[in-house]
Amino acid sequence: MSDEKSLAPLSDPGLPAHKYRKSDIDQKAAKRAEQQVAILFLLSAIGTLLVVYSYIFIPVDSFIFLPIMGEQNAHQLFLGLGLAMALFFIGAGAVHWAKTLMPDHEEIDERKPMRSKDEDRDAFVETVRERAADSGIARRPLIKRSLALALGLVGVSPILLLRDLGPLPKDSLEKTSWATGTYLVTDPGDRKIKASDLEVGAVAQVLPELAPGKKRKLEDIGKDAVLLIRLRPEEFQLDAERLSWTHQGIIAFSKICSHMGCAVALYEQGTKHLLCPCHQSTFDVTRAAKVIFGPAARPLPQLAITVDNEGYLIAKQPFTEAVGPSFWERSS
Ligand code: FES
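Residues numbered from 1 in each chain as written. Predicted model: local features only at pLDDT ≥ 70, side-chain atom pairs only at ≥ 80, totals over all residues. Heavy atoms only, no water.

1. What to know about the overall build of the protein
Here is step 1: A count of helical and extended segments in the protein gives nine helices and 13 strands.
Here is step 2: On C-alpha atoms alone, the protein measures out to a radius of gyration of 35 Å, which is more than a quarter above the 20 Å that the 2.2 N^0.38 rule sets for 332 residues.
Here is step 3: Counting only C-alpha atoms and orienting by the principal axes, one finds that the protein spans roughly 105 × 60 × 45 Å.
Here is step 4: Across the 332 residues in the protein, those meeting the buried criterion constitute 34%. (Helix = DSSP H or I, 4+ residues; strand = E, 2+ residues; numbered from the N terminus. Rg over C-alpha atoms; globule rule 2.2 N^0.38 Å. Buried < 20%, exposed > 50% of the residue type's maximum accessible area, 1.4 Å probe, protein only.)

2. A closer look at unusual backbone geometry
Here is step 1: A cis amide bond links Asp187 with the next residue in sequence, Pro188, at an omega value of 5°.
Here is step 2: Relative to the assigned elements, Pro188 resides in the loop between strand E3 (184-186) and strand E4 (203-208).
Here is step 3: Positive phi values are uncommon outside glycine, yet Ala288 reaches one of about 60°.
Here is step 4: Structurally, the position occupied by Ala288 is in the loop between strand E9 (282-284) and strand E10 (290-293).
Here is step 5: A relative accessible area of 13% places Ala288 in the buried class.

3. Comments concerning the nonpolar core
Here is step 1: Counting 18 residues, the largest nonpolar core has Ile229, Phe253, Leu274, Phe283 and Val285 as the members making the most contacts within it.
Here is step 2: Taken together, the elements giving at least two residues each to this core come down to strand E5 (226-230) and strand E6 (250-254).
Here is step 3: Setting aside its immediate chain neighbours within four residues, Val285 contacts Ile229, Leu231, Phe236, Ile251, Phe253, Tyr267, Lys272 and Leu274.
Here is step 4: Core analysis: the next-biggest nonpolar cluster, separate from the first, contains 17 residues, Leu184, Leu198, Leu228 and Leu303 among them. (Core = buried A, V, L, I, M, F, W, Y, C linked by side-chain atoms within 4.5 Å. Contact = heavy atoms within 4.5 Å.)

4. Considering the pairing of E4
Here is step 1: Sheet topology note: the E3/E4 ladder contains three bridges and is antiparallel. Among the inter-strand pairings, Val185 is bridged to a residue of E4, identified as Leu207.
Here is step 2: The pairing of E4 with E5 spans four bridges and is classified as antiparallel. Bridging across to E5, Ala204 finds its partner in Leu228. (Pairing = 2+ DSSP bridges.)

5. What about a nonpolar patch on the surface?
Here is step 1: Residues Val156, Ile159, Leu162 and Leu165 make up a contiguous nonpolar surface patch of about 430 Å² in total accessible area.
Here is step 2: Positionally, Ile159 belongs in helix H6 (residues 141-160).
Here is step 3: The class for Ile159 is exposed, based on a relative accessible area of 53%. (Patch = residues over 30% accessible without salt bridge, like charges linked within 9 Å, V, L, I, M, F, W, Y side chains within 5 Å. Areas by Shrake-Rupley, 256 points an atom, 1.4 Å probe, with all protein chains shown as cover. Salt bridge = Lys/Arg side-chain N within 4 Å of Asp/Glu carboxyl O.)

6. Things to note about H6
Here is step 1: The end-to-end C-alpha separation of H6 is 29 Å, in line with the 28 Å expected for 20 residues at 1.5 Å each.
Here is step 2: The set of residues buried in H6 consists of Ile143, Ser146, Leu147, Ala150 and Ser157. Projected down its long axis, H6 shows its buried positions confined to an angular sector of 105°, all on one face. In H6, the exposed positions that point more than 90 degrees away from the buried face belong to Arg145 and Ile159.
Here is step 3: Structurally, H6 contributes buried residues whose contacts are with helix H3 (27-57) and helix H4 (74-100). (Expected span 1.5 Å × (residues − 1). Arc of directions from axis to C-beta.)

On their own, these measurements won't tell you what the molecule is for.
Have a look at this one:
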């Protein structure tokens with residue numbers, strides 16, 4: 001290749017000649033395309049209805065046998081199919097609409113300095129408005145309505161999922177199984193405890209004794225777990241009432257962190273601090289679990305304890321405040 005040839009200035013090839021689509025020149029083809037778009041949007045709407053039907057009417061544990069896939073969970077299968085249909089056909093409808101009916105004139109927009117001039121920006125806004133008008137949505141009520149239906153149904157379907165949040169807790173979060181006279185039993189083991197079972201400095205997790213024939217539910221353990229800690233009585237810095245809730249240096253607190261509900265599981269014997277491993281809230285055992293560090297907004301609720309005639313530890317009364325995260329208190 002000669003130097004002269006290789007240095008020849010590049011010429012702007014310009015845009016290729018515009019090709020008209022069938023729907024640009026044939027009214028019947030345009031009408032047909034409009035109907036196809038509407039059908040795609042309607043298929044999307046059917047997909048969303050399938051999601052709604054599957055979610056409400058097909059039991060979660062129902063199964064269906066398919067030739068290649070074998071036994072499948074029908075609830076999940078139809079939820080998935082419906083969602084796939086809803087999203088696929090709404091996309092396919094939009095693409096088909098753009099390819100067949102929306103204006104497809106090629107235009108060149110020269111690269112501009114970083115900020116366009118005000119008149120150019122105004123012109124852009126004007127162009128967007130014109131193109132929106134050009135899309136013909138106002139003139140094509142079939143597309144407009146089917147699109148509104150498909151978009152509307154897709155938009156509302158997530159609302160159904162709110163059902164998975166379950167029923168409102170009402171006041172169940174404020175109540176625990178602790179009642180006046182409930183025995184404190186070891187966890188695990190379910191054995192009653194005497195004060196003499198705990199040495200000074202010891203910590204134990206306890207639960208309320210179960211009524212005969214009853215089973216412990218996980219959600220009850222999540223609310224009922226209590227930590228017993230034994231100090232020397234003179235180490236407490238409590239008012240008279242809180243001191244009367246202890247027994248021979250044994251104090252009981254809810255184990256559920258008042259910040260976000262983790263198990264407060266770490267006890268520093270030297271400092272007499274309880275530490276929550278989740279966000280490091282620290283509670284001073286000697287001062288009724290007062291928060292001395294971290295995000296917890298209130299002390300761990302204290303359970304008033306005493307002993308029965310045989311010396312076994314029992315609850316003097318139920319908790320006087322809700323256990324667990326502070327927002328539980330505001331749930332009712
Ligand atoms: S849950 Fe205990 S500090 Fe956050």
